[in-house]
Amino acid sequence: MIQDGRSGKVILLSHCILNMNAVCEGSTTPSHHPAIVNEILDLIQAHQTGVIQLPCPEQEMYGLDRKARTKEFYDNEEFRLHCHALAVKVVQQIEEYKRKGYGVVGFIGRMGSPTCNVEGNPGIFVEELSKELQVRGLKLRMLSFDWRKISECLLELRKTLSQR
Ligand code: SF4
């Protein structure tokens, strides 16, 4: 890693954690977090960790004024290919950081999203991301953001950020 004072640590966030304007219609999260999930960002900043904001797969393909849909709706060939292409680029970035000695501390997805859910039934993008990580033999810690369980998320995040 280049030694010029940089922290040497990054974390990947689902796009909407830093920009709630991208979520689908009907989500309750923006009423609690209109733009940025400040609690998450503050904690990350306190641990001197850089942020890689991932693209929003749904917004890129279906636009900003899309309705809330099920995973079954999104599980079509076109959207899978789109998510796969994004996942390949993301994993290439992860690989580059790791190869150069940076810590890639994890990824925070979004609970209940048909695309970015991490826990239980993974979303389409998370499935494609996991497959691509496996292909390249990389491991990535995955955490979950849910505004109803923000304290649990922050607890996990604090542990994760403190590990390196
Ligand atoms: S697709 Fe992912 S990044 Fe986009 S709004 Fe949904 S959870 Fe957020």
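Since the structure is predicted, the reported quantities are computational estimates derived from the model, not experimental observations.

Asks: Any details on the packing of helix α5 (residues 77–99) against helix α6 (residues 124–135)? Residues and values, ideally.
Replies: Each packed pair of helices is defined by two parameters, the angle between the axes and the distance between the axes. Between α5 and α6, whose axes approach to 8 Å, the crossing angle comes to 45°. Taken together, the axes of α5 and α6 are oblique relative to one another. The element α5 and its partner α6 pack so that their crossing is right-handed. Of α6, the residues touching α5 (which contributes Phe79, Arg80, Cys83, His84, Leu86, Ala87, Val88, Val90 and Val91) are Ile124, Phe125, Glu128, Leu129, Glu132 and Leu133.

Asks: Hey, could you go over the pairing of strand β4 (residues 142–145) for me, with residue numbers and the actual values?
Replies: Of the strand pairs in this sheet, strand β3 (residues 103–110) and β4 are connected by 4 bridges, and their pairing is parallel. Bridge pairing in β4 links Phe107 to Met142. Handedness of the crossover is the feature at issue here: the chain leaves β3, passes through α6, returns alongside β4, and the resulting connection is right-handed.

Asks: I'd like a rundown of the site of the ligand, residues and numbers included.
Replies: The immediate surroundings of the ligand are formed by 13 residues, with Cys16, Cys56, Arg110, Ser113 and Cys116 found nearest. Elements supplying a minimum of two residues to the shell around the ligand: α1 (15–18) and α3 (57–62). Sorting elements by how many residues they give to the shell around the ligand places α3 first, with 3 residues.

Asks: I'd like a description of unusual backbone geometry, backed by residues and values.
Replies: Here Gln48, not a glycine, exhibits a phi torsion of approximately 50°, which is positive. Residue position: Gln48 is located in the loop between α2 (38–46) and β2 (50–53).

Asks: Before we move on, could you go through the sheet that holds β4 and cite the residues and values that matter?
Replies: Strand order in this open sheet of 4 strands is β2-β1-β3-β4, and the pairing throughout is parallel. Looking at the sheet topology across the chains shown, the edges are occupied by β2 and β4. Strand-to-strand twist in this sheet, taken as the mean axis angle between neighbours without regard to direction, amounts to 30°. In this structure, strand β1 (residues 9–13) lies alongside β2, joined through 4 bridges in parallel fashion. Bridging from a neighbouring strand, Ile11 pairs with Val51 of β2.

Asks: Residue-level account of α6, with values.
Replies: Between its first and last C-alpha, α6 extends 17 Å over 12 residues, near the 16 Å set by a 1.5 Å rise per residue. For α6, the secondary structure elements touched by its buried residues are α3, α4 (71–74), α5 and β3. Just downstream of α6 lies Gly137, where phi reads positive at about 65°.

Reading the values: rules and limits
Residues numbered from 1 in each chain as written. Predicted model: local features only at pLDDT ≥ 70, side-chain atom pairs only at ≥ 80, totals over all residues. Axes fitted to C-alpha atoms, helices over the stretch in contact; angles between N-to-C directions. Helix = DSSP H or I, 4+ residues; strand = E, 2+ residues; numbered from the N terminus. Parallel < 35°, antiparallel > 145°, perpendicular 65-115°, else oblique. Left-handed = near helix turned anticlockwise from the far one by under 90°. Contact = placed C-beta atoms within 7 Å. Pairing = 2+ DSSP bridges. Right-handed = clockwise from strand over helix to strand, strands pointing away. Near = placed C-beta within 6 Å. Expected span 1.5 Å × (residues − 1).

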